[in-house]
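Letter by letter, the chains look like this.
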Amino acid sequence: MMDFLTRINAVLHHEEPDQVPFAPYDNLVPRGEFVRKLRNRGMGLCVRRSTVWAETPNVTVETRTEGETVVTVYHTPEGDVFTRARGHMGRVSDGLSVEVEGMIKGVQDYDPVIFMLEDTVFHADNSTYYDTVRDLGTDGIVRDWGLDFEATPYGATRRYFGDMFGLDRWVYEQHDHPDHFARLLEAQAKRDERRLQLVAESPAEFVAFGWIEGLWGPQQFREYELPFYQKWVSFLHAKGKICALHCDATKNLRSMMGLIGETGIDVVEAFTPPPVGQLSLREVREAWGRDIIVWVNIPETVFWYGAEETKQYMIELLKSDAPGNGLVIGFTEMGLWGATDDETERSFKAGTLAIMEAIEEYGNYPIQA
């Protein structure tokens, strides 16, 4: 029997594993005896750490708290911008907070933000990787961050307008002030390219690269994102990297499926099948073949059907992708992290055990259809 690290590496290198790996994000499985039992049964963790850190030497930052809101002010030679984040929001993000106002609220804010992007200096700290590998042993795999926010430059620009609360502004700005937006996008791309030069030299073989959120369609993807993928995925491949695209889009994935195949990406992770997602595992496998590894996010919705139905769901999912090479099962969106009351915790734990049992009984390679 393979240990988890050997198993996941076999999949990532297109070799034959002994069993389909079960690999949730480490922050989606709270620590305790339950998770320890699952790890003893072969579940491993995907631990995301960045070996690259950044500074903006000519920008000063000021923070103040106003009730449950934290205001962060960035002072630049081109002017000041600020963000506003509401804290104490519970398990909605790792920081338990939500940004409700972004840096860019009008055209006057572009120059300070562009200055910050151009002022960013990146540094590598490879001890972050080595220390985490030492802590994990064979119980997990460490994945480096290729890009800030996971997104390519086009998607990353959305964060300066206030994340989800600024989505409408981000859309309107592209139409109302295309020249300003083009300068922002160019500055973000150059910043990301400086970062990727260091990522390419990271000791981590497995890196995150890109994010398909489902907030824009194939036209924007082909125009703004596909060339960036093709250039830099190829560059990272030449450095021996395995690149994973985070793809949690659920409603327009069908229209993006062919374009994803053109990116050169090695792994599509966070793929979410029905009843939440639009496409089945069989459909994306037919489109991408075995060259792209599919890292499935199990939708927690199935847990509410009960443990038996969850197990049957998992068995059918495994059989639909026989013989099972090029497949990873995980949680990338919520997992046990979403259990914040006793009833949800019981249901989610029962569902997670059902997934483990299905993999143990039906996930051994080669899977029989």
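Predicted, not measured: the structure shown is a model, and the values here were computed from it. (Residues numbered from 1 in each chain as written. Predicted model: local features only at pLDDT ≥ 70, side-chain atom pairs only at ≥ 80, totals over all residues. Heavy atoms only, no water.)

Undergrad: Explain the environment of tryptophan 211 to me, please; I cannot follow it from the model alone.
TA: Among the secondary structure elements, tryptophan 211 is positioned in strand β9 (residues 206-212). Distance in space between the C-alpha atoms of tryptophan 211 and glycine 155 is 7.9 Å, their sequence separation being 56 residues. Setting aside its immediate chain neighbours within four residues, tryptophan 211 contacts Phe149, Glu150, Ala151, Arg159, Tyr229, Leu245, His246 and Asp248. A distance of 2.9 Å separates polar atoms of two side chains, one belonging to tryptophan 211 and the other to aspartate 248. (Helix = DSSP H or I, 4+ residues; strand = E, 2+ residues; numbered from the N terminus. Contact = heavy atoms within 4.5 Å. Polar contact = N/O pair within 3.5 Å; in protein donor to acceptor, adjacent residues only side chain to side chain.)

Undergrad: Just to check I follow, could you spell out helix α1 (residues 4-12) for this structure?
TA: Looking at α1, one finds that the buried residues are Phe4, Arg7, Ile8, Ala10, Val11 and Leu12. The residue sitting at the N-terminus of α1 and contributing the capping side-chain oxygen is aspartate 3; that oxygen lies 3.2 Å from the backbone nitrogen of leucine 5. Looking one or two residues past α1, histidine 14 carries a phi angle of roughly 60°, positive in sign. (Buried < 20%, exposed > 50% of the residue type's maximum accessible area, 1.4 Å probe, protein only.)

Undergrad: Even after reading the chapter, I still don't get the nonpolar core, so can you show me in this structure?
TA: In globular proteins that are soluble, nonpolar side chains generally tend to be buried together. Counting residues in hydrophobic clusters, the biggest one holds 84 residues, and the most contacted among them are Phe209, Ile260, Phe271, Val296, Ile298, Ile329 and Ile355. Considering every element that reaches this core, the biggest residue donor is helix α8 (residues 218-238), with 7 residues. If we ignore the near neighbours within four places in the chain, the residues touching valine 296 are Phe271, Pro273, Leu281, Leu317, Leu327, Val328, Ile329 and Gly330. Grouped together as the second largest cluster of nonpolar side chains are 20 residues, Val59, Tyr74, Phe115 and Tyr154 included. (Core = buried A, V, L, I, M, F, W, Y, C linked by side-chain atoms within 4.5 Å.)

Undergrad: What is the right way to read the side chain of glutamine 188 from this model?
TA: Note that glutamine 188 resides in helix α7 (residues 178-199). Among all residues touching glutamine 188, those that are not within four sequence positions of it are Leu117, Pro153, Ala156, Thr157 and Tyr160.

Undergrad: Could you clarify how one ought to interpret empty space enclosed by the protein in this entry?
TA: Rolled over the atoms, a probe sized like a water molecule indicates the empty space that remains. Taken as a whole, this structure holds 1 cavity of 30 Å³ or more when the rule is applied. Size it by volume and the largest cavity reaches roughly 40 Å³. Forming the boundary of the largest cavity are Trp211, Ile212, Glu213, Gly214, Leu215, Trp216, Phe221, Glu225, Asn252 and Met256. Listing elements by their share of the lining of the largest cavity, those giving two or more residues are β9 and α8. Among the residues making up the lining of the largest cavity, the classes are represented as 6 nonpolar, 2 polar and 2 charged. (1 Å grid on protein atoms, 1.4 Å probe; cavity = no way out; pocket = protein on both sides within 12 Å on 5 of 7 lines; lining within 4 Å. Points joined across faces, edges and corners; volume = space filled by probe spheres on them. Nonpolar A, V, L, I, M, F, W, Y, C, P; charged D, E, K, R; others polar.)

Undergrad: How should I be thinking about helix α6 (residues 167-176) in this particular structure?
TA: Three- or four-residue spacings in an α-helix give side chains the same orientation, since the helix completes a turn every 3.6 residues. Residues of α6 that are buried: Trp170, Glu173 and Gln174. All buried residues of α6 fall inside an arc of 100° around its axis, so they share one side. Exposed residues pointing more than 90 degrees away from the buried face of α6 are listed as Tyr172 and His175. Lining the buried residues of α6 we find α3 (110-119), α5 (153-156) and α7. (Arc of directions from axis to C-beta.)

Undergrad: What exactly am I supposed to notice about the sheet that holds β9 here?
TA: Taken together, 7 strands build an open sheet; the order of strands is β1-β8-β9-β10-β11-β12-β13 and the sheet is parallel. Here the strands that pair on one side only, and so sit at the sheet edges, are β1 (45-49) and β13 (327-330). Strand-to-strand, the axes of this sheet are offset by a mean angle of 30°, without reference to chain direction. Of the strand pairs in this sheet, strand β12 (residues 293-297) and β13 are connected by 4 bridges, and their pairing is parallel. Looking at β13, one finds that valine 294 is bridged to leucine 327. With respect to the sheet, α8 is in contact with β9 and β10 (242-247), its orientation differing from that of β9 by roughly 175°. (Pairing = 2+ DSSP bridges. Axes fitted to C-alpha atoms, helices over the stretch in contact; angles between N-to-C directions.)

Undergrad: Please explain the packing of α8 against helix α9 (residues 253-262) as it appears in this structure.
TA: In a packed pair of helices, the relevant descriptors are the angle between the two axes and the axis-to-axis distance. Across the interface, α8 lies against α9 with an axial gap of 10 Å and an inter-helix angle of 15°. The orientation of α8 relative to α9 falls into the category roughly parallel. As for the relative orientation of α8 and α9, their crossing is right-handed in sense. Across from Pro218, Phe221, Arg222, Leu226 and Gln230 in α8, the residues of α9 making contact are Ser255, Met256, Leu259 and Glu262. Residue composition of the contact of α8 with α9, by class: 5 nonpolar, 2 polar and 2 charged. (Parallel < 35°, antiparallel > 145°, perpendicular 65-115°, else oblique. Left-handed = near helix turned anticlockwise from the far one by under 90°.)

So, to be careful, I would describe these as geometric facts and stop short of saying anything about function.
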